[in-house]
Amino acid sequence: MPRTATIERNTKETQIRATLTLGGAGKSDVHTGIGFFDHMLEGFSKHGFFDLALQVNGDLHVDGHHTVEDVGIVLGAAIKEALGDKAGIRRYGSFILPMDESLCLCAVDLCGRPYFVFDCDFKAERVGELDTELVREFFYAVSYSAGMNLHLKMLSGGNAHHMIEAMFKAFGKALDEACSYDPRVKGVLSTKGALA
């Protein structure tokens, strides 16, 4: 059965509609109004094998903060809804991804409890039209909206473009592993009997 969720979120700052399918073909149709952010979300989709359709109308005349953060909120909500009761999934996923001089570690626990650790410093303030400080805000929003434990650690890096791209791709790979089924898992992978 396809695990798909469609989430709409409308505020005075952003209007967002997203459809996410877990275990898809890695197809994406993403329009946030921030070109580099689109590129990163497309990489997340492609390398995590998630099908992602995302349409955003945000107050970019102010800045990119509301758009980036609210996309994180919506994407996290879509992940949570698409996972359903989480029966049979691996729950944990991790990946170390190289991108030229950059090396990123990402670890995910779909435990139902949000917690976020971000260990990265960018030397550049912007990549394209994306403020680099918004990368942390995006992943924080995903973590808390999805109810996942998410760790991102840049083991080495220099070029901000490479560092951010490594993060998004590593997150896609780690999340794909955590979402995937393991035939040995009966019910949910927890001694408590629930992942919430």
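Description of the structure in this document. (Residues numbered from 1 in each chain as written. Predicted model: local features only at pLDDT ≥ 70, side-chain atom pairs only at ≥ 80, totals over all residues. Heavy atoms only, no water.)

**So, the pairing of strand S1 (residues 3-10)**
- Pairing of S1 with strand S2 (residues 14-22), which is carried by 8 bridges, proceeds in the antiparallel orientation. Along S2, the bridge assignment pairs Asn-10 with Gln-15.
- The loop that links S1 with its antiparallel partner S2 comprises 3 residues. (Pairing = 2+ DSSP bridges. Helix = DSSP H or I, 4+ residues; strand = E, 2+ residues; numbered from the N terminus.)

**Focus on a nonpolar patch on the surface**
- On the surface, Tyr-115, Val-117, Tyr-140 and Tyr-144 cluster together into a nonpolar patch covering about 370 Å² of accessible area.
- Sorting the residues of the nonpolar patch by element identifies strand S7 (115-119) and helix H3 (133-146) as the ones contributing at least two each.
- Within the secondary structure, Val-117 is located in strand S7.
- For Val-117, a relative accessible area of 31% translates into the label partly exposed. (Patch = residues over 30% accessible without salt bridge, like charges linked within 9 Å, V, L, I, M, F, W, Y side chains within 5 Å. Areas by Shrake-Rupley, 256 points an atom, 1.4 Å probe, with all protein chains shown as cover. Salt bridge = Lys/Arg side-chain N within 4 Å of Asp/Glu carboxyl O. Buried < 20%, exposed > 50% of the residue type's maximum accessible area, 1.4 Å probe, protein only.)

**A closer look at the packing of aromatic side chains**
- Within the structure shown, the criterion is met by 11 aromatic pairs.
- Summarising the aromatic geometry, the rings of Phe-37 and Phe-168 are spaced 6.4 Å apart at their centres and angled 75 degrees between planes, so their arrangement reads as edge-to-face. Of this pair, Phe-37 sits in helix H1 (residues 35-48) while Phe-168 sits in helix H4 (residues 160-179), placing them 131 residues apart in sequence.
- For Phe-37, a relative accessible area of 1% gives the class buried.
- Their ring planes at 25 degrees and their centres at 5.0 Å tell us that Phe-44 and Phe-50 sit as a pair that is stacked. The pair Phe-44 / Phe-50 is uniform in exposure class, with both members buried.
- Through a chain of ring-to-ring contacts, three or more aromatic side chains come together here, namely Phe-37, Phe-44, Phe-50, Phe-138, Phe-139, Phe-168 and Phe-171. (Phe/Tyr/Trp six-rings, centres within 6.5 Å; stacked < 30°, edge-to-face > 60°.)

By themselves, these observations are geometric and do not establish any function.
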